[in-house]
Amino acid sequence: MEMLMKSLTLSLMAGISCNIFFGTLLPLKPQRKASSVSLAVTQAWPSLVFTVGFLVIAFSEAPGYLLQPIRVMVVLCAIIQIFYQAGIGKTIFLTAVWCAIYWGLNLLALSIAYALPWQYGGGQGVSEWFCNIFLLCFSLFFRRQYRGRDKGWEGTGWRRFAWLPALSLVVTTLSSITVWYTDSLDKTGVLVFAAGYSVINLLIFYFIGNILKKDEKLRNMELTQLRLQNQMELIENIQENDMRYRQFLHDYKNQLGCIQGMLKAGQTEEAFFYIEELNGSIRKGEDHVDTNHPVVNTVLNQKYLRAQEKGIALVMEVNDLSKLLMSREDIVTLLVNLLDNAIEACEKLKESKVIQFKMILEEGELTISVRNPVKTPVKVKGKRIPTTKKEKNGHGLGILNINKVIEKNQGTSILKCQDGWFYFSAVISGM
């Protein structure tokens, strides 16, 4: 009974530590209509399942000291895939990082127990408590430092460090075996080595976290730069339209004078054709879309003209958007990136150049969808589209900006490519 309670307590501590660590870096899978109570229960479930996993490991036959980390990684990966939103590669990497930290702290605890004036059995028991206490404290500190960093794992910069946790895990495991199965080691020397090695490992992982954090900042700066470019493009288009209308107004008196002169000279037919010509040029400059929202109108009319110039039919379904509450910056970012991507895809086609765009606001719920044909099937990975361009830097940022706007406004979106067509659809409530 005493052994069972000890194993249960140690497993619970390890399970809570796992949930804190992985929950800091990975978002939980969404739950349907979760209340505050059910949400708390949902967040506690991983800790319980991690605990059960560690209990199974504790009471099952070990496959050998060197294979022990692999067994732990398999169990942790399975649980992460059940509860958290993460790809296989990211799951394996984070699990290896956790195991490397765990075995590093275990080596430190073993060395402390080995240096204490206790018998083998007592030292082993104390080392287990030391290790789990260290692990829980580290997890709490880690959560305090990196809470809310789950969005920083959208890129693939972490792949550069995939080899490090595996190497650290092997070295730590071999060192632990040496400590336990060699009697002639200097206790103080082993303790100093274990402490130094553990500190070095923690510092390495700390610096990796800082590097990834800086990578995230750089990506956010690129996204911000792209949003500013969108804003500047909109401003330039407004200035261009303003200049065009100023020119119309400037020539208005001269045009009227010319028509008046024709009529006085009895050139009625010539005046009639001249008026028709003027009406045609004026109609070219008129807005093709009117949603009762100035920013939406500006962007949609700008993209309509651009598509028309490239021989692309832009079919739009819109309604009254005068009550749209979304910020102007978000509107520009969302519409410019969506339509630019669709126009770019249609430019690669020789025929069937058509874009179907929908933006409807009904009962405070905004629905936006874009549908366009593609030359080659688009690979959709979650809510990202891995770029196929040789110069990857700067590409794929449009989709990231779109996702940020959708998430900022508590919306949901879907990307898919099927039967030669690319689809994007988003629903945003509270608009």
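Residues numbered from 1 in each chain as written. Predicted model: local features only at pLDDT ≥ 70, side-chain atom pairs only at ≥ 80, totals over all residues. Heavy atoms only, no water.

## Examining the overall build of the protein chain
Counting its regular elements, the protein chain contains eleven helices and five strands. The long-range fraction of contacts in the protein chain, counting pairs at least 24 apart against all pairs at least 6 apart in sequence, stands at 76%. Put simply, the protein chain shows about 24,800 Å² of open surface, and 60% of that area lies on carbon and sulfur atoms. (Helix = DSSP H or I, 4+ residues; strand = E, 2+ residues; numbered from the N terminus. Contact = heavy atoms within 4.5 Å. Areas by Shrake-Rupley, 256 points an atom, 1.4 Å probe, with all protein chains shown as cover.)

## Brief notes about the state of the cysteines
Inspection of every chain in the model, using the stated rule, returns zero disulfides. The structure places no disulfide on Cys18, whose sulfur is separated from the nearest cysteine sulfur, that of Cys99, by 7.8 Å. Classification of Cys18 as buried rests on a relative accessible area of 0%. (Disulfide = S-S within 2.5 Å. Buried < 20%, exposed > 50% of the residue type's maximum accessible area, 1.4 Å probe, protein only.)

## Looking at the confidence of the model for the protein chain
It should be kept in mind that the predicted coordinates are not to be read in detail where pLDDT is low. Chain-level pLDDT for the protein chain is 76 on average; 68% of the residues reach the 70-or-more range. Helix 6 (residues 163–181) is the least confidently modelled element of the protein chain, averaging 66 in pLDDT, while strand 2 (residues 354–362) averages 94, the highest of any element. Taken as a whole, residues 389–395 scores under 50 in pLDDT and shows four contacts with residues more than four places along the chain or in a different chain. (pLDDT = per-residue confidence, 0-100.)

## Quick look at the nonpolar core
Counting residues in each nonpolar core, the largest one holds 39 residues, and the members touching the most others are Leu324, Phe357, Met359 and Leu366. Among the elements of the structure, helix 9 (294–309), helix 10 (328–347), strand 2, strand 3 (365–373), helix 11 (397–408) and strand 5 (421–428) are those that each provide at least two residues to this core. Of all hydrophobic cores here, the second largest spans 33 residues; its members include Cys18, Leu25, Tyr84 and Cys131. (Core = buried A, V, L, I, M, F, W, Y, C linked by side-chain atoms within 4.5 Å.)

## Some words on a negative patch on the surface
A contiguous patch of negative charge on the surface is contributed by Glu317, Glu362, Glu363 and Glu365. Relative to the elements of secondary structure, Glu362 occurs in strand 2. According to the relative accessible area criterion, Glu362 is exposed, its value standing at 53%. (Patch = residues over 30% accessible without salt bridge, like charges linked within 9 Å, V, L, I, M, F, W, Y side chains within 5 Å. Salt bridge = Lys/Arg side-chain N within 4 Å of Asp/Glu carboxyl O. Lys, Arg positive; Asp, Glu negative; His and termini not counted. Charge placed at Lys NZ, Arg CZ, Asp CG, Glu CD.)

## Focus on the sheet that holds strand 4 (residues 411–418)
Strand order in this open sheet of five strands is 1-2-3-5-4, and the pairing throughout is mixed. Looking at the sheet topology across the chains shown, the edges are occupied by strand 1 (313–318) and strand 4. On average, each strand axis in the sheet is tilted by 10° relative to the strand beside it, whichever way the strands run. Against the sheet, helix 9 makes contact with strand 1 and strand 2, and its axis sits at roughly 155° relative to strand 1, the strand it touches most. Packed on one face of the sheet, helix 10 meets strand 1, strand 2, strand 3 and strand 5 and runs near 15° to strand 3. (Pairing = 2+ DSSP bridges. Axes fitted to C-alpha atoms, helices over the stretch in contact; angles between N-to-C directions.)

## With respect to the environment of Thr291
One can find Thr291 in the loop between helix 8 (268–284) and helix 9. Thr291 gets classed as buried once you look at its relative accessible area, which sits at 1%. Counting along the chain gives 30 residues from Thr291 to Leu321, while the straight-line C-alpha distance between them is 5.4 Å. When residues no more than four places from it in sequence are discounted, the contact partners of Thr291 are Val296, Asn297, Leu300, Val318, Asn319, Asp320, Leu321 and Ser322.

## Remarks on the packing of aromatic side chains
Considering all chains together, one arrives at seven aromatic pairs under this definition. With a centroid separation of 6.0 Å and 25° between ring planes, the pair formed by Phe22 and Phe50 is classed as stacked. Highlighted residues: Phe22 in helix 1 (residues 2–25) and Phe50 in helix 2 (residues 36–59), separated in sequence by 28 residues. Between Phe54 and Trp98, the aromatic rings sit 5.9 Å apart at their centres with planes inclined by 40°, giving tilted as the arrangement. Here Phe54, found in helix 2, pairs with Trp98, found in helix 4 (residues 88–115); they are 44 residues apart in sequence, far enough to count as distant. The pair formed by Phe54 and Trp98 is uniform in burial state, with each residue classed as buried. Here the basic side chain of Arg371 rests over the ring of Trp421, its NZ or CZ set 3.7 Å away from the ring centre. Directly above the ring of Tyr423 sits Lys416, whose terminal nitrogen or CZ lies 5.2 Å from the centroid. (Phe/Tyr/Trp six-rings, centres within 6.5 Å; stacked < 30°, edge-to-face > 60°. Lys NZ or Arg CZ within 6 Å of the ring centre and 35° of its normal.)

## Considering the pairing of strand 5
Taken residue by residue, a regular strand's side chains alternate between the two faces of the sheet. Here strand 3 runs beside strand 5; their pairing, made up of eight bridges, is antiparallel. In the sheet register, Ser369 faces strand 5, and the bridge partner there is Ser425. The pairing of strand 4 with strand 5 spans eight bridges and is antiparallel. Bridged to Leu415 within strand 5 is Phe424. Between strand 4 and the antiparallel strand that follows it, strand 5, lie two residues; Asp419 among them carries a positive phi value of about 55°.

## Some remarks on unusual backbone geometry
A positive phi is found at Ser352, a non-glycine position, where the angle reads about 55°. Within the secondary structure, Ser352 is located in the loop between helix 10 and strand 2. The exposed category is assigned to Ser352, whose relative accessible area is 52%.

## Remarks on helix 3 (residues 68–83)
Helix length check: helix 3, at 16 residues, gives a terminal C-alpha distance of 23 Å against a target of 22 Å (1.5 Å per residue), a fit within 8%. Along helix 3, the positions that sit buried rather than exposed are Pro69, Arg71, Val72, Met73, Leu76, Cys77, Ile79, Ile80 and Phe83. (Expected span 1.5 Å × (residues − 1).)

## Thoughts on the side chain of Ser47
Its location among the elements puts Ser47 in helix 2. A relative accessible area of 10% places Ser47 in the buried class. One polar contact links Ser47 to Asn19, side chain to side chain, over a distance of 2.7 Å. Apart from residues lying up to four places away in sequence, Ser47 is in contact with Gly15, Ile16 and Asn19. (Polar contact = N/O pair within 3.5 Å; in protein donor to acceptor, adjacent residues only side chain to side chain.)

## So, helix 10
Between its first and last C-alpha, helix 10 extends 28 Å over 20 residues, near the 28 Å set by a 1.5 Å rise per residue. Within helix 10, 15 of the 20 residues are buried, leaving the element largely enclosed by the surrounding structure.

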